[in-house]
Amino acid sequence: MDQYVPDRLIIHNTVKGSPLTHNVLNNLSGIPVEYTDDPEIAIDPIKWTRDPLRVGKRVLLLTENRGRFLKPCPGTKEYICCGYQILNFATNCNMECSYCILQTYLNNPVMVVYANIEDMFSELEDRLSKDRGSVWRIGTGEFTDSLTLDHLLGFTDLVVPYFAKKKNAILELKTKTDNISNLFNLEHNGNTVVAWSLNAEEIAGREELLAPSIDERIAAAFKCQEMGYSLAFHFDPLIYYAGWEEGYRRTLNKLFSRIDPSNISWISMGCLRFPPELKPVIEKRFPKNRILYEEFVPGLDGKQRYFQPIRIEMYSRMLEWMRGYDPGLRVYLCMESRHVWKKVFKDDRVGSSADLAARLERKDEYKGKSYQT
Amino acid sequence: MNVEYKRVDLRSIDLTDTTFVISYGFSLSILRESIERVGVLNPPLVKRSIHGRYRVVCGYKRLMVCREMGTEELTCALLDYNTDEREAFLIGLYDNLSHRNLNPIERSIAASKLQDYYPDRVIVEDFLSLLGLNPHLSVLQRVLPLSHLYGEMKDAIVEGRLDEGAALRLLNLSERDRQLVFRLVYDLRLSKNKQIEVIDSLRDITRRDDCSVSGILDSTGMKRILKDKDLNIPQKARRVRRFIRKLRYPAIVRAEEGFLEMTRTLNLGDGIRLAPPPSFEGDRYSIYFQFVTIDELERKLKQIDSIKDNKGLRKAVEG
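**Q** What am I meant to see in the packing of helix 5 (residues 117-130) of chain A against helix 7 (residues 155-164) of chain A here?
**A** The axes of two packed helices give the description: the angle between them and the distance between them. All names here are of chain A. Close contact between helix 5 and helix 7 brings their axes to 12 Å; oriented N to C, the two are set at 15°. In terms of their interaxial angle, helix 5 and helix 7 are classed as roughly parallel. Our pair here, helix 5 against helix 7, has a crossing hand that is right-handed. Of the residues in helix 7, those touching helix 5 at Ile117, Met120, Phe121, Leu124, Glu125 and Leu128 are Phe155, Leu158, Val159, Tyr162 and Phe163.

Given below as structure tokens:
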């Protein structure tokens, strides 16, 4: 995959001295750099272009996060949520996945990096030291791809060693890229999980534009496995299409032919879901997509979801296939109801978000590195 | 604004030149009655074009009535020849906005013409509120295509028989499909939400199955409904919607029908209704009933109690 290089760099004057800013300036050359006191003014003209989302991806803005870096994943109470915490160091993504919720979620079309990471570490220190009893599962890949900017930012050089020293926290770097070169030789102490979003190859090729192929993602995961990292995989969104069984089975075959299940911390599944307002955006930006026309119903959270029997069928088959590789794999569903959990796992052990969080935090269930407290 | 008042030969005013005109979907009858009774009280404003004829800036409808009435000459206000086109358009726009609300097509025409003179940002920030619209780029983008619809569809919007949102959805269809679907929702007199439901469903089916709307509308089942002389319009509308829904959501409709079939076996009797979770999402089933006397309450509770061991119900609820 070609590494992301913006056409334009905007630096908020407040983060001129940040180590991330320093890294970006060192790693980028020959592109226009603008310094500004007001990023809003600098990026406003993009909002008036014909496709602000496309144009915005070509602009990298380094600014400050004036709010909190660490926030709970915005799950809804109607479905079981894993209780993940998001470390919000950046927003937006340079890849073009047709189904991406960020197309309507973000109020700003450019690639944003919150470069005041001294504040981020100070907040992390404060939060993690106050609650030493539980294991914090923290991820950076909710509002951006965790690694897509890493060759410019060197963010992992700072954050992986930080988490390596933490006894009560796990960092998950969630990505579709193979941008892992910075992860070599980092002291991770088993506290960083590198995770890939996977899909059927037909879906990856058709709907995940500019993203590396499934083979490239698995090859990157294999390299991380060799570096001793724990791994995770997210089949999210699972997309229903004619031939989905064959497509997803093929991806699982590829995955388990190279990855040792004992190195996998968890695998999640989530069927395609989207807020209603995303549909016209997808239709406009990706007129050839064919993912919006299956049988969707309004979910309890207002998002469109596949009719429940379709979801149960997809999860059940996937689980059956995965358990065929290793019955001990820790698999969970992202934002599903207790009813669906029960039907898929044929038991009632996960009946609430707290149950799921507790299950994911149990150290004795980790197949790979154990997380020492 | 420099104007000069002068008697003008109506033949020298080009009413086909609508450069500065935004009026659409109007009736001239009341205005005609007024002009016949008291004459033209406010002289129309016109501007000489480079071809020597006059173009209408304000008073398009007054001039149309006068022409209909056979008036040959009328006092008009002549706008200074050097006034630029943008200024002339704004005079006409503000004149309209000062005394009436624009209909959706007129708002679209106004927005389209403003694009000849201003960038989108200026239109959004300075004009959309004046047009009675929210000042957002998405609103401008939504409103612009309406003026490009066929006359019949534009008329239906002005009459309130075609929803604006539904009309915009029609624009996503091919020209032939657009006409067919418009005719369907118009003839069935569907409400706004039902228009959108039908259009969205038809469009989704065509994309999913790679077929055309005409193929669906020409199917035997649909033709049978549309040609059934025993059905009135609301009955036809219900059946057409059901037919389309079944094509769009076959598994969901099958589940609904299966659930209905199961409830029939419960013999709940009149006045007790069992409902599944909306769209079969979630796990809450509901029972509705009403009663007048305590006896009736007891009877209905007993009836409800009797269904808990029904195999069909257990299967539906517990899987």
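Picking up after the structure, the text goes on.
**Q** Before we go on, may I ask you to explain the sheet that holds strand 3 (residues 59-63) of chain A in this structure?
**A** In a beta sheet, neighbouring strands pair by backbone hydrogen bonds and run either parallel or antiparallel. Residues and elements named next belong to chain A. Spatial ordering of the open sheet is given by 2-1-3-8-6, a layout of five strands whose pairing is mixed. Bordering the open sheet on either side are strand 2 (33-36) and strand 6 (90-91), each of which pairs with just one other strand. Bridge analysis of strand 1 (residues 8-12) against strand 2 gives four bridges, and the strand direction is parallel. Residue pairing across strands places isoleucine 10 opposite glutamate 34, the latter belonging to strand 2. Strands strand 1, strand 2 and strand 3 of the sheet are contacted by helix 2 (residues 39-47), whose axis makes an angle of about 155° with strand 1.

**Q** What's the story with the sheet that holds strand 9 (residues 136-139) of chain A in this structure? I'm lost.
**A** Residues and elements named next belong to chain A. Across the sheet, eight strands lie side by side as 4-5-9-10-11-13-14-18; this open sheet has mixed pairing. Of all the strands in the sheet, the pair left with one neighbour each is strand 4 (70-72) and strand 18 (331-333). Direction aside, neighbouring strands of the sheet carry axes that sit 25° apart on average. Judged from the four bridges that link them, strand 9 and strand 10 (residues 169-175) form a sheet pairing that is parallel. Residue pairing in the sheet places tryptophan 136 in a bridge with alanine 169 of strand 10. In the packing of helix 9 (residues 214-226) onto the sheet, the strands contacted are strand 11 (192-197) and strand 13 (230-238), and the crossing angle to strand 11 comes to about 165°. Sheet strands in contact with helix 12 (residues 308-325) are strand 13, strand 14 (264-271) and strand 18, and its direction is about 160° off that of strand 14.

**Q** It is not clear to me how the interface of chain B and chain A should be interpreted in this structure. Could you clarify?
**A** Interface size, as often reported, equals the accessible area lost upon joining of the parts. Contacts between chain B and chain A engage 23 residues on the former and 24 residues on the latter. Note on chain B versus chain A: buried area summed over both sides is about 2,000 Å², and carbon and sulfur give 52% of it. Area buried by chain B at its contact with chain A is led by B:Arg121, B:Arg207 and B:Glu281, which between them contribute 32% of it. At the boundary of chain B and chain A, one finds five salt bridges. We note a salt bridge from A:Lys279 to B:Asp204, for which the minimum N-O separation is 2.7 Å. At the boundary of chain B with chain A, the tally comes to 12 residue pairs in polar contact (both at pLDDT 80 or more). Listing elements by their share of the side of chain B that touches chain A, those giving two or more residues are helix 5 (120-127), helix 6 (137-143), helix 10 (192-209), helix 14 (250-265) and helix 16 (311-318) of chain B. Its residues placed into classes, the side of chain B that touches chain A shows nine nonpolar, four polar and 10 charged.

**Q** Explain the environment of A:Phe296 to me, please; I cannot follow it from the model alone.
**A** Tracing the backbone through its elements, the reader meets A:Phe296 in strand 16 (residues 296-298). A residue is classified by how much of its surface remains accessible, and A:Phe296, at 4% relative accessible area, is buried. In this structure A:Phe296 touches A:Leu272, A:Phe274, A:Ile291, A:Gln304, A:Arg305, A:Tyr306, B:Tyr249 and B:Ile252, once residues within four positions along its chain are discounted.

**Q** Sorry, what's going on with the packing of aromatic side chains here?
**A** Any two aromatic rings considered together are summarised by their centre-to-centre distance and by the angle between their planes. Taken as a whole, this structure holds 21 aromatic pairs over all chains when the rule is applied. Between A:Tyr241 and A:Tyr248, the aromatic rings sit 6.4 Å apart at their centres with planes inclined by 55°, giving tilted as the arrangement. With respect to burial, A:Tyr241 and A:Tyr248 carry one shared label: buried. Residues B:Phe182 and B:Tyr186 carry aromatic rings whose centres are separated by 5.3 Å and whose planes lie at 40° to one another, so their mutual orientation is tilted. Note that B:Phe182 and B:Tyr186 are positioned in helix 9 (residues 175-187) at a spacing of four residues, about one turn of the helix. Neither B:Phe182 nor B:Tyr186 differs from the other in exposure class; each is buried. Grouping aromatic residues by their ring pairs yields a cluster made of A:Tyr240, A:Trp244, A:Phe274, A:Phe296, A:Tyr306 and A:Trp321. Above the ring of A:Tyr79, the side-chain terminus of A:Arg305 is found at 3.7 Å from the ring centroid.

Parameters at a glance
Residues numbered from 1 in each chain as written. Chains lettered and ligands numbered in written order. Predicted model: local features only at pLDDT ≥ 70, side-chain atom pairs only at ≥ 80, totals over all residues. Heavy atoms only, no water. Axes fitted to C-alpha atoms, helices over the stretch in contact; angles between N-to-C directions. Helix = DSSP H or I, 4+ residues; strand = E, 2+ residues; numbered from the N terminus. Parallel < 35°, antiparallel > 145°, perpendicular 65-115°, else oblique. Left-handed = near helix turned anticlockwise from the far one by under 90°. Contact = heavy atoms within 4.5 Å. Pairing = 2+ DSSP bridges. Buried area = accessible area lost by both parts, 1.4 Å probe. Salt bridge = Lys/Arg side-chain N within 4 Å of Asp/Glu carboxyl O. Polar contact = N/O pair within 3.5 Å; in protein donor to acceptor, adjacent residues only side chain to side chain. Nonpolar A, V, L, I, M, F, W, Y, C, P; charged D, E, K, R; others polar. Buried < 20%, exposed > 50% of the residue type's maximum accessible area, 1.4 Å probe, protein only. Phe/Tyr/Trp six-rings, centres within 6.5 Å; stacked < 30°, edge-to-face > 60°. Lys NZ or Arg CZ within 6 Å of the ring centre and 35° of its normal.

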